[in-house]
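Examining the three-dimensional arrangement
Below are the chains, spelled out letter by letter.
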Amino acid sequence: MNDHSPYPHLLSPLTLGNLTLRNRVVMGSMHTGLEDAPWDVPKLAAYVGERAKGGTGLIVTGGYAPTRRGWLKPFASELTTRLQAMRHRQVTDAVHDEGGAIALQVLHAGRYGYTPISVSASSRKSPITPFKPSALSTKGVDRTATAFAHTAALAQRAGYDAVEVMGSEGYLINQFLAARTNDRTDAWGGSAEKRMRFPVEVVRRTRELVGPDLPIMYRISLLDLVEGGQTWDEVLELAHRVVEAGATVLNTGIGWHEARVPTIITQVPRGAWLSATARLKAEVSVPVCASNRINTPELAEQVLSDGTADLVSMARPLLADPFFVNKAAEDRADEINTCIACNQACLDHVFQNKKASCLVNPRAGRETTLVLSPTRTKRSVAVVGAGGLGQLLLQPVGQGSDGRVEGLDHRQRAAHDEGPHAVGLVPGTEPDGAGVGGGRGAFLLLLGQLGCGSGDLARHQRLEVGPRDATVGCFGDLLVHPGRFLDAELAGALGDVEGVGVTHLQGLHPPPQQRKAQTEVEGSGHQLAAVVGGPLDPRPELRGCELSVTSGVPGPPRTVARSRPGFPASRGSSRSTGCATAH
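Everything in this summary refers to the structure shown in the same document. These numbers come from a predicted model, not from an experiment. (Residues numbered from 1 in each chain as written. Predicted model: local features only at pLDDT ≥ 70, side-chain atom pairs only at ≥ 80, totals over all residues. Heavy atoms only, no water.)

1. As for the overall build of the protein
When helices and strands are tallied, the protein shows 16 helices and 24 strands. Looking at the protein residue by residue over its 583 residues, the buried ones come to 61%. Total accessible area on the protein is roughly 22,800 Å²; 51% of this is exposed by carbon and sulfur atoms. (Helix = DSSP H or I, 4+ residues; strand = E, 2+ residues; numbered from the N terminus. Buried < 20%, exposed > 50% of the residue type's maximum accessible area, 1.4 Å probe, protein only. Areas by Shrake-Rupley, 256 points an atom, 1.4 Å probe, with all protein chains shown as cover.)

The following block contains the structure:
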């Protein structure tokens, strides 16, 4: 580790039981949909393996049910047999091969289960699911507590370095803890002390089965944010009891899923819940992990340096950029693809029973199908527009010895601003590095393996131009993404650049039935058709393609980036497999 790192606390190791983490970054649990089916195990392994390769200290999986009645949805993720544990070896090996550590989260959905067989502490229906749960019998509660421990033991057999018991976000353990959802009169309810018995038993039995060394992380709900939730005094009492029962680390959670108080959306300030974490940290003797709305290494470092927490959990930020930690360690934090907390492709997709991905990193969750690799011949290619798609294209840059990237930022004219659009290089993108600039609708230039000379890069530094001039003249091939921020005025300006001619332009505002937009641009003797409209595109009529770029010039194609097969290529293309190709 660099002793002069700007993030010394974030990058320092930490020992938990028999496990030493290489840094304090935890990738918090986030269900992606890759956990549910056995045929998706290789995809899950690639997904977590890439984040381990990116430097993450500890990765926590999406939740795995300890019983079928704890499923999140029909036939969802569970870990209840040795056969399932054996399959998980591929996942744990992928992380260990990259020097990382991984924990399996044990999660019982309770009344949040989207199944007619769901169970809970009582039969009170959740406001966010259609099925009324059955109340667990007294023996059923006891068996469920043991099932948690059994799943943890299977995780240990599968090679996981730790386990996390999910006691937050309104799932079953929360449902036992809160008077809102626990109206029992037996040994598992009726008073705050009895309501705490279930999570304490889960941790105690887990410790008995996994032995003294395996770290147990307990995800504790600091603030329920619902009527009838736990009081702060009850939260502190629970924390002490689960630590006494065997918890090694307390990971913090904020709010139930049914809470009406926003906790993680963009409008919630960064670090909004850290004061609650600091209050807990001051009261317990074990390491505490902070979470929720922490998405920059600067904030994470502050959380650790001021003693608010011992670890920092970031789930969505590592979905957005798997190399978050490495970039911070290499003093390249300005190149981190920052999570914007939009939830549109992660949580929204999961709640719609789709695979999770990321609006600013469409490759997330598709590491085995969107394989980005160097081309056989270097070219000069500009990718115009695209935002998240441009980020996707930029990822392979830097794999070669002379890979370079420049980013051009297209700032859309304000509604009442009559001035021209501005196009210029984004600050922080150096010609000798792999700086990535831009955001939504950004101008993104892919150089690297596709190549543009250093003289060309120097010539275009710090250039600010209007709509009648665009910095694309040095590129042999121009790929145009007709997104929301590339309007007719700017597109027309591309045709006025010397050596670049727009020969065909359509689909900037296509009708709903049109599922693709096509732009053919002639530049330096090359003609390319760009068909772009990913599943994350804000325009429904363009969804359905992850990336398809094909050429109208005769000759064998070469792959730039592989996409989902089956998307029809544009007319005049050389392939129809959905692979991005260029001549």
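Still to come is the rest of the account.
2. Brief notes about the packing of helix α4 (residues 138-157) against helix α7 (residues 197-210)
For any two helices packed against each other, the geometry is given by the interaxial angle and the distance between the axes. Their axes nearest at 8 Å, the elements α4 and α7 cross at an angle of 40 degrees. When the axes of α4 and α7 are compared, the pair comes out oblique. Seen along the crossing, α4 lies across α7 with a hand that is right-handed. When α4 is examined against α7, the residues Val141, Asp142, Thr144, Ala145, Thr146, Phe148, Ala149, His150, Ala152, Ala153 and Gln156 are found in contact with a partner set consisting of Phe198, Glu201, Val202, Arg205, Thr206, Leu209 and Val210. (Axes fitted to C-alpha atoms, helices over the stretch in contact; angles between N-to-C directions. Parallel < 35°, antiparallel > 145°, perpendicular 65-115°, else oblique. Left-handed = near helix turned anticlockwise from the far one by under 90°. Contact = heavy atoms within 4.5 Å.)

3. Quick word on helix α9 (residues 274-281)
Those residues of α9 that fall on the buried side of the exposure criterion are Leu274, Ala276, Thr277 and Leu280. For α9, the arc enclosing every buried residue in end-on projection is 155 degrees, short of the 170-degree limit, so these residues lie on one face. Packing partners of the buried residues in α9 comprise β9 (216-223), α8 (232-245), β10 (249-254), β11 (288-290) and α10 (297-305). (Arc of directions from axis to C-beta.)

4. Details of the pairing of strand β5 (residues 101-106)
Each regular strand carries side chains that alternate between the two faces of the sheet. In terms of residue burial, β5 counts as a mostly covered element, since 6 of its 6 residues are buried. Along β5, one buried face is formed by Ala101, Ala103 and Gln105 and the opposite face, lined by Ile102, Leu104 and Val106, is buried too. The sheet contact formed by strand β4 (residues 58-64) and β5 spans 5 bridges and is parallel. The residue bridging Ile59 from the neighbouring strand is Ile102, located in β5. Examined bridge by bridge, β5 and strand β8 (residues 162-167) share 4 bridges and lie parallel to one another. Note that in β8 the partner of Leu104 across the bridge is Val163. (Pairing = 2+ DSSP bridges.)

5. Points about empty space enclosed by the protein
Inspection of every chain in the model, using the stated rule, returns 6 cavities of 30 Å³ or more. Looking at the largest cavity, its volume works out to about 100 Å³. Along its surface, the largest cavity is lined by 15 residues, and Cys339, Cys342, Asn343, Cys346 and Cys358 are the ones closest to its centre. Tallied by class, the residues present in the lining of the largest cavity amount to 11 nonpolar, 3 polar and 1 charged. (1 Å grid on protein atoms, 1.4 Å probe; cavity = no way out; pocket = protein on both sides within 12 Å on 5 of 7 lines; lining within 4 Å. Points joined across faces, edges and corners; volume = space filled by probe spheres on them. Nonpolar A, V, L, I, M, F, W, Y, C, P; charged D, E, K, R; others polar.)

6. Thoughts on the packing of aromatic side chains
Two aromatic rings are characterised by how far apart their centres lie and by the angle between their planes. Counted according to the given criterion, the structure contains 6 aromatic pairs. Ring plane angle 25 degrees and centroid distance 4.4 Å describe the contact between Phe176 and Phe198, whose orientation is recorded as stacked. Of the two residues, Phe176 sits in helix α5 (residues 172-177) while Phe198 sits in helix α7, which places them 22 residues apart along the sequence. By the burial criterion, Phe176 is buried, and Phe198 matches it. Ring pairs connect the aromatic residues Phe148, Phe176, Trp188 and Phe198, which therefore count as one cluster. Here the guanidinium or amino end of Arg197 rests over the ring plane of Trp188, the centre of that ring lying 4.0 Å away. (Phe/Tyr/Trp six-rings, centres within 6.5 Å; stacked < 30°, edge-to-face > 60°. Lys NZ or Arg CZ within 6 Å of the ring centre and 35° of its normal.)

7. Observations concerning the nonpolar core
By size, the foremost hydrophobic cluster in this structure holds 94 residues, and its most contacted members are Phe198, Tyr218, Ile220, Leu250, Leu280 and Ile294. With 8 residues, α8 is the largest single contributor of residues to this core. (Core = buried A, V, L, I, M, F, W, Y, C linked by side-chain atoms within 4.5 Å.)

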